[in-house]
Amino acid sequence: MESAVAASPAVIKVAAICGSLRKASFNRGLLRSAVEISQQSANGMRIELIDVSPLPMINTDLEVDGRFPPAVEAFRQKVLEADSILFASPEYNYSVAPPLKNAIDWASRPPNVWAGKAAAIVSAGGSFGGGRAQYHLRQIGVFVDLHFINKPEFVLNVFQPPTKFDGEGNLVDPEAKERLKQVLQALHRFTLQLQGQ
């Protein structure tokens, strides 16, 4: 009995945040696939998709007596409760998408709820697969004290054959799913390492 308990991996809570608001977004599809993978084969992870669409544009005038708007308070609490973060962001003009940057900025308001958490980034897009947005997100992470896994990197060019997504934005490419699974496994290991486990 004790050996069975010792062999089971520690369960970490992952907040999955998409930088696109579009329902059929490829990046949102990556996160849906990550949830499926975690339920099927990436034991030790509980991934929750966190919707950033209710967040108002950041405006410190909305902070009253040390309180944030209700949608912001709820979002910050979800981030605070997570052990680690999984970001998926399209690349907009060589950088992160505005909804994601807005969410990051709200959660970084004092007290910064990103601080000390492990994180990973996945992205899907055109020729660079969102890679330049990932580099910007890593720079932002330095300031807000996020700790990103370095490898494996996951960028996906959605326009190269074979077909990567179906018409509803669901990831269907087996090789991409396997690569995504490796990212999740690395995030799990790194999260436990940061927590001293």
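As shown above, the structure is provided for reference.
The notes below deal with the structure included here. Starting afresh in each chain, residues are numbered from 1 along the sequence in its written order. Residue-level local features of this predicted model are given only where pLDDT is at least 70; pairs of side-chain atoms are given and counted only at 80 or more, and the full residue set underlies all totals for whole chains, interfaces and linings. Hydrogens are left out, water is left out, and the side-chain values use all remaining heavy atoms of the structure.

Concerning the overall build of the protein
So, step 1. Note on conventions: DSSP H or I runs of at least 4 residues are helices, E runs of at least 2 residues are strands, and numbering of each starts at the N terminus. A count of helices and strands for the protein gives 6 helices and 8 strands.
So, step 2. Overall, the protein shows an N-to-C arrangement of helices and strands of α-β-α-β-α-β-β-β-α-β-α-β-β-α.
So, step 3. With the radius of gyration taken over C-alpha atoms, the globule rule is written as 2.2 Å times the number of residues to the power 0.38. Rg of the C-alpha trace for the protein: 17 Å, near the compact-globule value of 16 Å for 197 residues, within the 12% margin.
So, step 4. Reported as C-alpha extents along the three principal axes, the dimensions of the protein are approximately 50 × 50 × 25 Å.
So, step 5. The buried share of the protein, taken over its 197 residues, is 47%.
So, step 6. Two residues form a contact once any of their heavy atoms are found within 4.5 Å. For the protein, the share of sequence-separated contacts (at least 6 apart) that also reach a separation of at least 24 residues comes to 77%.
So, step 7. Residue-level accessible areas treat just the shown protein chains as cover; the underlying method is Shrake-Rupley with a 1.4 Å probe. Accessible area of the protein: about 10200 Å², with a carbon and sulfur share of 54%.
So, step 8. Each charge class in the protein can be summarised by its mean position, and for the 20 positive and 19 negative side chains these summaries are 3 Å apart. Only protein chains enter the calculation, and the probe is 1.4 Å; a residue is then buried if its accessible area is under 20% of its type maximum, exposed if over 50%, and partly exposed in between. When charges are counted, Lys and Arg are positive and Asp and Glu negative, with His and the chain ends excluded. Taken as the charge centre is NZ of Lys, CZ of Arg, CG of Asp or CD of Glu, depending on the residue.

Notes on the nonpolar core
Nonpolar side chains in soluble globular proteins generally cluster together in the buried interior.
So, step 1. Each nonpolar core is a collection of buried residues, namely Ala, Val, Leu, Ile, Met, Phe, Trp, Tyr and Cys, held together in the definition by side-chain atoms within 4.5 Å. Among the nonpolar cores identified, the biggest contains 30 residues, and Leu30, Ile47, Leu86, Val122, Phe154 and Leu156 are the most heavily contacted of them.
So, step 2. The set of elements that each furnish at least two residues to this core consists of β1 (12-18), α2 (26-40), β2 (45-50), β3 (84-88), β6 (118-125), β8 (154-157) and α6 (174-194).
So, step 3. A total of 7 residues in this core trace back to one element, the largest contributor, which is α6.
So, step 4. In this view, leucine 156 contacts Leu30, Ser123, Ala124, Gly125, Gly129, Lys164, Phe165, Leu171, Ala176 and Arg179; residues no more than four positions away in its chain are not counted.
So, step 5. In terms of nonpolar packing, the next biggest core, distinct from the first, is built from 28 residues, Phe87, Ala107, Ala119 and Leu137 among them.

What about the packing of aromatic side chains?
So, step 1. Stacked, tilted and edge-to-face pairs are distinguished by plane angle, under 30 degrees for stacked and over 60 for edge-to-face with tilted covering the rest, among Phe, Tyr and Trp rings (Trp via its six-membered ring) whose centres lie within 6.5 Å. For the structure on display, the rule yields 5 aromatic pairs.
So, step 2. On the numbers, 6.1 Å between centres and 90° between planes, the contact of phenylalanine 68 with tryptophan 106 is edge-to-face. Here the residue phenylalanine 68 occupies a position in the loop between β2 and α3 (70-81), and tryptophan 106 occupies one in helix α4 (residues 98-108), the gap between them amounting to 38 residues. Taken as a pair, phenylalanine 68 and tryptophan 106 share a single burial class, namely buried.
So, step 3. Between phenylalanine 87 and phenylalanine 148 the ring centres are 6.0 Å apart and the planes differ by 45°, which places this aromatic pair in the tilted class.

A few points about the pattern of salt bridges
So, step 1. One side-chain nitrogen of Lys or Arg within 4 Å of one carboxyl oxygen of Asp or Glu is enough to make a salt bridge. What the rule picks out here adds up to 6 salt bridges.
So, step 2. When the shortest N-O distance is used, the salt bridge between glutamate 81 and lysine 13 registers 3.6 Å. Taken together, the residues span a long stretch of sequence, with glutamate 81 in helix α3 and lysine 13 in strand β1 at a distance of 68 residues.
So, step 3. A salt bridge links aspartate 105 to lysine 101; the nearest nitrogen and oxygen atoms lie 2.9 Å apart.

Some words on α3
So, step 1. The span you would expect from a helix comes to 1.5 Å times its residue count less one. Spanning 12 residues, α3 covers 17 Å between terminal C-alpha atoms, matching the ideal 16 Å at 1.5 Å per step.
So, step 2. If you check which residues of α3 are buried, you get Val72, Phe75, Arg76 and Val79. Down the axis of α3, the smallest arc covering the buried residues is 100°, so these residues share one side.
So, step 3. Where α3 is buried, its residues contact β1, β2, β3 and α4. By arc we mean the arc of the directions from the helix axis to the C-beta atoms, nothing more.

Some points on the side chain of lysine 117
So, step 1. Note that lysine 117 resides in the loop between α4 and β6.
So, step 2. At 6.4 Å, aspartate 83 is the nearest oppositely charged side chain to lysine 117, a buried residue that forms no salt bridge.
So, step 3. With residues up to four places along the chain from it excluded, the contact list for lysine 117 reads Val79, Leu80, Ala82, Asp83, Ile85, Asp145, Leu146, His147 and Leu194.

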